[in-house]
Amino acid sequence: ALEPFSVGLAIGVASALTGYLSHPRFYCRYVECCPGAEHRLNATALKAQLDTKLFGQHLAKDVVLRAVLGFQSNPSPKKPLTFSLHGWAGTGKNFLSQILAEHIHPAGLRSKFVHLFLATLHFPHHSQLHIYQEQLKNWIRGNVSACPQSVFIFDEMDKMHLGLIDAIKPFLDYYEEVDGVSYRKAIFIFLSNAGGDLINKAAFDFWTSGKQREDIQLKDLEPILSVGVYNNKNSGLWHSSLIDRNLIDYFVPFLPLEHKHVKMCVRAEMVARGYAVDEKVVQAVTNEMTFFPKEQRIYSDKGCKTVQAKLDIHEDV
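Residues numbered from 1 in each chain as written. Predicted model: local features only at pLDDT ≥ 70, side-chain atom pairs only at ≥ 80, totals over all residues. Heavy atoms only, no water.

In this section: the domain arrangement of the chain. Under the domain assignment used here, the chain contains domain 1 (43-254) and domain 2 (259-314). Placing a centre on the C-alpha atoms of domain 1 and another on those of domain 2 gives a separation of 27 Å. The partner domain 2 presents 14 residues to the 10 residues of domain 1 that form the contact. Counting the surface lost from both domain 1 and domain 2, the interface buries some 1,100 Å², and carbon and sulfur atoms represent 74% of this. Here domain 1 is connected to domain 2 by 0 salt bridges. (Domains from an automatic or database assignment. Contact = heavy atoms within 4.5 Å. Buried area = accessible area lost by both parts, 1.4 Å probe. Salt bridge = Lys/Arg side-chain N within 4 Å of Asp/Glu carboxyl O.)

Bringing the UniProt feature "binding site: ATP" (unreviewed entry) in the chain into the picture now. Per the UniProt annotation, the sites labelled "binding site: ATP" (unreviewed entry) are Gly87, Trp88, Ala89, Gly90, Thr91, Gly92, Lys93 and Asn94. With respect to the element layout, Ala89 can be found in the loop between strand E1 (81-86) and helix H5 (93-104). Overall, the relative accessible area of 27% leaves Ala89 in the partly exposed class. On the secondary structure map, Gly90 appears in the loop between E1 and H5. Setting aside anything within four residues of it in sequence, one finds Gly90 in contact with Leu257, Lys302, Gly303, Cys304 and Lys305. (UniProt positions renumbered as here; feature names shortened; annotations may be inferred. Helix = DSSP H or I, 4+ residues; strand = E, 2+ residues; numbered from the N terminus. Buried < 20%, exposed > 50% of the residue type's maximum accessible area, 1.4 Å probe, protein only.)

On to the sheet that holds strand E3 (residues 151-155), then. With parallel pairing, 5 strands are arranged side by side in an open sheet as E2-E3-E4-E1-E5. The sheet terminates laterally at strand E2 (114-118) and strand E5 (250-253), the two strands that pair on one side only. Neighbour-to-neighbour, the strand axes of this sheet turn through a mean angle of 15°, independent of strand direction. Taken together, the 6 bridges between E1 and strand E4 (residues 187-192) define a ladder with parallel strand orientation. The partner of His86 across the bridge, within E4, is Ser192. (Pairing = 2+ DSSP bridges. Axes fitted to C-alpha atoms, helices over the stretch in contact; angles between N-to-C directions.)

Time to look at the environment of Tyr250. Topologically, Tyr250 is positioned in strand E5. Accessibility expressed as a relative area gives 28% for Tyr250, which makes it partly exposed. It is 28 Å that separates the C-alpha atoms of Tyr250 and His130, two residues lying 120 residues apart in sequence. When sequence neighbours within four positions are dropped, the list of residues in contact with Tyr250 reads Val63, Ala67, Leu81, Thr82, Phe83, Ser84 and Glu222.

Here we take up the nonpolar core. In this structure, Phe83, Ile140, Phe154, Ile168, Ile189 and Phe190 are the most contacted members of the largest nonpolar core, which totals 70 residues. A total of 8 residues in this core trace back to one element, the largest contributor, which is helix H4 (residues 58-73). In this structure, this core is formed jointly by two domains, domain 1 (43-254) and domain 2 (259-314), each of which donates at least three residues. Apart from residues lying up to four places away in sequence, Ile189 is in contact with Phe83, Leu85, Ser97, Leu100, Val151, Phe152, Ile153 and Phe154. Among the nonpolar cores identified, the runner-up in size contains 14 residues, and Leu257, Met270, Val285 and Leu311 belong to it. (Core = buried A, V, L, I, M, F, W, Y, C linked by side-chain atoms within 4.5 Å.)

Let's shift gears to the packing of aromatic side chains. Under the counting rule described, the total for this entry stands at 10 aromatic pairs. On the basis of an interplanar angle of 70° and a centroid distance of 5.5 Å, the ring pair of Phe123 and Tyr132 is categorised as edge-to-face. Take Phe123: its relative accessible area is 5%, and that puts it in the buried class. Residues Phe204 and Trp207 carry aromatic rings whose centres are separated by 5.8 Å and whose planes lie at 15° to one another, so their mutual orientation is stacked. With Phe204 and Trp207 both in helix H9 (residues 196-208) and 3 residues apart, the pair spans about one turn of that helix. The partly exposed category is assigned to Phe204, whose relative accessible area is 21%. We classify Trp207 as partly exposed; its relative accessible area is 42%. Through a chain of ring-to-ring contacts, the aromatic side chains of Phe117, Phe123, Tyr132, Phe154 and Phe190 assemble into a single cluster. (Phe/Tyr/Trp six-rings, centres within 6.5 Å; stacked < 30°, edge-to-face > 60°.)

Right under this line is the structure:
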């Protein structure tokens, strides 16, 4: 028979061990946990990564960095933080979204608290619009209930069925709770090629007037961008209540990339592959890209999107 002291000691040790293993500091080393209210972004690290990896987008970097830091430092935001990123393919919209997600949840797009929706993959059939709306609301509700700091990224907004995104309007509004769930600490990011022509024209107008690219400010583009997207049937936000109700906090323009920015992308890709940077290869890859307008050839019409593929044929070098 076991003595009472021995039994008590065994129970005590087991309880202590169970308590230690279940403590958040230990448990969250091995299982991804939703960040607590005390969690703060490392602003220095985020800025450094944006500066070294996202090229030619002074506006996007500044707006997103300031907005996210201000949002996370607010203990009681009135609504979720909502961005709408616009610009042609290859200008860095997806890249910035991924970097931001990684600094909020270290696993990034692999995190169970970061959710990426692709219009053509997740919502392919217009005939099922009402089903998609209910599925989307249930998915967001369930995941925000599990982690208030959830991040939702909607890519290909310009291919989204009209009216679909309005289903989540209550979650983006100024409500303390919706059916017992608070969405105020979540972040929503919409990515779209819509509005790219407006952004490109504004950038070209600055160039023709002799102004520096870095002199373009958000106030120069955001008003025409929000109106243009609202009136564009191929934007996914055509006549959307999200714009009517001013629920999108920032319309963020991504400027077309110039030769120098494409070269930065090539160098960064070479370094990522472990190559020594060879300026002859950098120039060769850049020369294989196409630029517009036809006469001036200032901006890459694909941004940096095809840099990886172009560099592949130079791997022997």
